[in-house]
Amino acid sequence: MKEDFLHYLWNLKKFDIQNLKTTQGENLVILHSGHYLQLAGPDFFNSQLVIGDQKWAGNVEIHIKSSDWYIHNHEKDKAYENVILHVVWEHDIEIFREDNSQIPVLELKKYVTNESINNYKALISPKTWIYCENQLASIDAFVVQNWQERIFFERLERKSKTILELFAELNSDWEAVLFCLLAKNFGLNTNGDLFLKIAKSIPFIIIRKENTEIENLESLLFSSAGLLEFEHEDIYFKELLTRKKYLFHKYKLENKTFEQVQFFKHRPDNFPTIRLSQLANLYCNQHNLFSNIIALKTLKNTYDLLKVSVSSYWETHYQFDKISPKKKKVLSKAFVDLICINTIIPLQFAFAKSQGKEIADELVQLLQEIQPEPNSIIHKFSGFGITAKNALESQSLLQLKNEYCQKGLCLKCAIGIEILKNNH
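Basis of the calculations
Residues numbered from 1 in each chain as written. Predicted model: local features only at pLDDT ≥ 70, side-chain atom pairs only at ≥ 80, totals over all residues. Heavy atoms only, no water. Phe/Tyr/Trp six-rings, centres within 6.5 Å; stacked < 30°, edge-to-face > 60°. Buried < 20%, exposed > 50% of the residue type's maximum accessible area, 1.4 Å probe, protein only. 1 Å grid on protein atoms, 1.4 Å probe; cavity = no way out; pocket = protein on both sides within 12 Å on 5 of 7 lines; lining within 4 Å. Points joined across faces, edges and corners; volume = space filled by probe spheres on them. Helix = DSSP H or I, 4+ residues; strand = E, 2+ residues; numbered from the N terminus. Nonpolar A, V, L, I, M, F, W, Y, C, P; charged D, E, K, R; others polar. Axes fitted to C-alpha atoms, helices over the stretch in contact; angles between N-to-C directions. Parallel < 35°, antiparallel > 145°, perpendicular 65-115°, else oblique. Contact = heavy atoms within 4.5 Å. Salt bridge = Lys/Arg side-chain N within 4 Å of Asp/Glu carboxyl O.

Engineer: For this particular structure, what's the right way to read the packing of aromatic side chains?
Structural biologist: Note on aromatic pairs: each is described by the distance of the centres and the angle between the planes. Counted by the stated rule, this structure contains 27 aromatic pairs. Ring plane angle 20 degrees and centroid distance 4.2 Å describe the contact between F167 and W174, whose orientation is recorded as stacked. Of the two residues examined, F167 and W174, each falls in the buried class. An angle of 80 degrees between the planes, with centres 5.4 Å apart, marks the rings of F186 and F335 as edge-to-face.

Engineer: I'm lost on the layout of surface pockets in this one. Help?
Structural biologist: A probe as big as a water molecule, rolled over the atoms, marks out the empty space that is left. Considered as a void within the structure, the largest pocket measures approximately 1100 Å³ in volume. Lining the largest pocket are 36 residues, and of these K184, N185, L188, N189 and N342 sit closest to its centre. Taken together, the elements giving at least two residues each to the lining of the largest pocket come down to α4 (141–169), α5 (174–186), α6 (188–201), α10 (272–285), α13 (333–354) and α16 (391–405). Class assignment for the residues of the lining of the largest pocket results in 13 nonpolar, 13 polar and 10 charged. Estimated volume of the second largest pocket: approximately 600 Å³. In terms of lining, the second largest pocket is formed by 26 residues, of which the most central are S223, A225, G226, L227 and E229. Looking at the lining of the second largest pocket residue by residue, the classes come out as 10 nonpolar, 10 polar and 6 charged.

Engineer: Can you walk me through the packing of α4 against α13 in this structure?
Structural biologist: A pair of packed helices can be characterised by two numbers: the angle between their axes and the separation between those axes. Direction vectors running N to C along α4 and α13 enclose 75 degrees, while the axes themselves pass 9 Å from each other. Classed by the angle they form, the pair α4 and α13 counts as roughly perpendicular. Note on element contacts: α13 touches α4 through I341, N342, I345, P346, L347, F349, A350, K353 and S354, opposite F153, L156, E157, K159, S160, I163 and L164. Across the contact of α4 with α13, the residue classes tally to 10 nonpolar, 3 polar and 3 charged.

Engineer: Where do I start with the pattern of salt bridges in this structure?
Structural biologist: It is possible for side chains bearing opposite charge to pair when their charged atoms get close. Summed over the entire model, instances satisfying the criterion amount to 18 salt bridges. Of the charged contacts, one joins R208 and D173 as a salt bridge, the two residues approaching to 3.0 Å between their closest N and O atoms. Linking R208 in helix α7 (residues 204–210) with D173 in the loop between α4 and α5, this pair joins segments that are 35 residues apart in sequence. A relative accessible area of 38% places R208 in the partly exposed class. Overall, the relative accessible area of 18% leaves D173 in the buried class. For the salt bridge of E315 with K326, the shortest nitrogen-to-oxygen distance reads 3.8 Å. Here E315 is found in the loop between α12 (299–305) and β7 (317–319), whereas its partner K326 is found in the loop between β8 (322–323) and α13, with 11 residues between them in sequence. The network of salt bridges with shared partners includes E213, E239 and R243.

Keep in mind that these numbers describe shape and distance, not what the molecule does.
Given below as structure tokens:
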């Protein structure tokens, strides 16, 4: 038995609510279960009950056993002084407030059917991937769509919090925040954290000052990535190394040591050399990038803005000293989609939030233009009956799997609750 199941039962009154009695023998009538806010303090706020002949308004706390009240030290916490009912699965001890008045207790197991318990056990029994995999396909599409939009914004709120923390760390410079977020995105999963460290290590004021020369930006980025540490005969390598010495002296930069960039298992177009050159090229071509990013409303405009390639040297190279057939190496639409999902939309949301503006509808519209990400989690959901048609739906499925399914929070999930409803 878990507390979240008891929360579900109490919240939706999924038990026999007729002829309820407290463990002290008083009649109990539930007028309003209360608000399940999932905050610190009691589980349900502003509940309305009739106990005996007295109407009560206050909070309800839920535990597996009555003795959990003392295990959690609620008797010492003022937040629990206004608890009017203690709902438990098993009553094993009387509970008293600080003034020694006894708290009424409802022992829930007396009023819950075996069918409800069995349905709950069936839902949380081990499956091949997630608990509800066998029932997913039968869930009403309206329920799924509503839940997907809600948990997508949960995901966006979490990303927004990280962005606003970065904003504070970078002295409230939105341009610097964008540069760091883009750098992380350009590094993909393998080099993303390293690219973020590199971006943070170069004061953005230097990027602003040097963005008229692609060689200077490449020199700064490549040197910070450790790509100029080993000698090469290549003329362009020597040019970047010379510029590095000049720029590091000019701005009094320190040689910081990070972990090595990873080439292994990457397709050549995703090599860190190529991605860093594209990032440098982007900042040479766009001098009002943050304003332009914030103003984006459509996917087409995003593709136009991020139509960026590598510098001329990298058109014929993937690594120093190794010539390859000439190729423009423009950012693909699929890569721009990832930038839009992971950088542009979270940044637009965080910026709007900081300005006190609401742009949820605009973001939903933009996300619905983007193709879903082709990854293993999205593929698995499709096999169990939920297919993502766009990026909003694929992002919400990632949130669902990572924050609900993976943590066994079926009874905090609209899909899990719907399954139990349907089984009654």
